[in-house]
Amino acid sequence: MKRSLLAVIMIMAVAMLVMVSCGKSELSGNVKDEKNMTITAVNSDKGDYFMTGTLEADEDDSVTIEAELEKGSIQIEFIGSAGEGSIEEVPDIGGEATYTAYVSGEDEQTVSLPEGGYMVKVTVTEKATGTVEISLD
């Protein structure tokens, strides 16, 4: 009797762990280098966001954004940052985005950016799951 009760309790504990892990929400960005970034969304809620940087655009660089979202949509803002690279100056990231991309489903966009460093702000606009690859070349 004790063994069957212990078995039932263990099964219930494992089931609860599985249910909790399936409901987790995540929105993250991995800046691989100054030219490449991956955004990962797992059940991310509308309004979830993060800001990271810095991606570096050289003269004549274009940014390519490749979305593979199973559901939802994401807004990606490229905000020019002045004063980076200097210990004495704090980067100024205020103001408007140089370029704003709206992605959903299997979407691809390419646009030219002026030379410089860019902070990237990612905001979920509709509950999202999937990945977005960003590359400058």
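Each value, and the rule that gives it
- Residues numbered from 1 in each chain as written.
- Predicted model: local features only at pLDDT ≥ 70, side-chain atom pairs only at ≥ 80, totals over all residues.
- Heavy atoms only, no water.
- Helix = DSSP H or I, 4+ residues; strand = E, 2+ residues; numbered from the N terminus.
- Buried < 20%, exposed > 50% of the residue type's maximum accessible area, 1.4 Å probe, protein only.
- Contact = heavy atoms within 4.5 Å.
- Areas by Shrake-Rupley, 256 points an atom, 1.4 Å probe, with all protein chains shown as cover.
- Pairing = 2+ DSSP bridges.
- Patch = residues over 30% accessible without salt bridge, like charges linked within 9 Å, V, L, I, M, F, W, Y side chains within 5 Å.
- Salt bridge = Lys/Arg side-chain N within 4 Å of Asp/Glu carboxyl O.
- Lys, Arg positive; Asp, Glu negative; His and termini not counted.
- Charge placed at Lys NZ, Arg CZ, Asp CG, Glu CD.
- Core = buried A, V, L, I, M, F, W, Y, C linked by side-chain atoms within 4.5 Å.
- Polar contact = N/O pair within 3.5 Å; in protein donor to acceptor, adjacent residues only side chain to side chain.

Draft legend 1. Inspection of the overall build of the protein at higher detail. Helix and strand counts for the protein stand at one helix and six strands. Start at the N end of the protein and walk to the C end: the helices and strands fall as α-β-β-β-β-β-β. Buried residues in the protein amount to 33% of all 137 residues. Long-range pairs, those at least 24 residues apart, make up 70% of the contacts in the protein with a sequence separation of at least 6. Summed over all atoms, the accessible surface of the protein reaches about 8,500 Å², with 54% contributed by carbon and sulfur.

Draft legend 2. Just the pairing of strand β2 (residues 36-44), in detail. Note: strand β1 (residues 26-33) against β2, seven bridges, orientation antiparallel. Bridge pairing in β2 links S28 to T40. Bridge analysis of β2 against strand β6 (residues 116-136) gives seven bridges, and the strand direction is antiparallel. Bridging across to β6, A41 finds its partner in G130.

Draft legend 3. Region of interest: a negative patch on the surface. Together, E66, E68, E106 and E108 give the surface a local cluster of negative charge. Elements represented by at least two residues in the negative patch include exactly β4 (62-80) and β5 (99-112). Of note, E66 is situated in strand β4.

Draft legend 4. Summary view of the nonpolar core. Residues I39, I65, I74, I76, F78, V132 and I134 are the most contacted members of the largest nonpolar core, which totals 25 residues. Elements supplying a minimum of two residues to this core: β2, β3 (49-57), β4, β5 and β6. Counting residues per element, this core draws most heavily on β6, which supplies eight residues. Beyond its immediate stretch of four places on either side in the chain, I74 contacts A41, L69, A101, Y102, V103, V122, T123, T125, A128 and V132.

Draft legend 5. Representation of unusual backbone geometry in the model. You will see that N43, though not glycine, has its phi angle at about 50°, which is positive. Residue position: N43 is located in strand β2. A positive phi is found at D60, a non-glycine position, where the angle reads about 70°. We classify D60 as exposed; its relative accessible area is 70%.

Draft legend 6. Expanded view of the side chain of T64. Looking at the secondary structure, you find T64 in strand β4. Residue class for T64 comes out buried when judged on its relative accessible area of 10%. In terms of polar contacts, T64 uses its side chain to reach the side chain of T110, at 3.4 Å. Not counting residues within four places of it along the chain, the set of residues in contact with T64 comprises E108, Q109, T110, E133, I134, S135 and D137.

Draft legend 7. Representation of the side chain of Q109 in the model. Within the secondary structure, Q109 sits in strand β5. Reaching out from Q109, the side chain makes a polar contact with the side chain of Y99 at a distance of 2.7 Å. Reaching out from Q109, the side chain makes a polar contact with the backbone oxygen of Y102 at a distance of 3.0 Å. Once residues within four sequence positions are removed from consideration, Q109 is found in contact with V63, T64, I65, Y99, A101, Y102 and V103.

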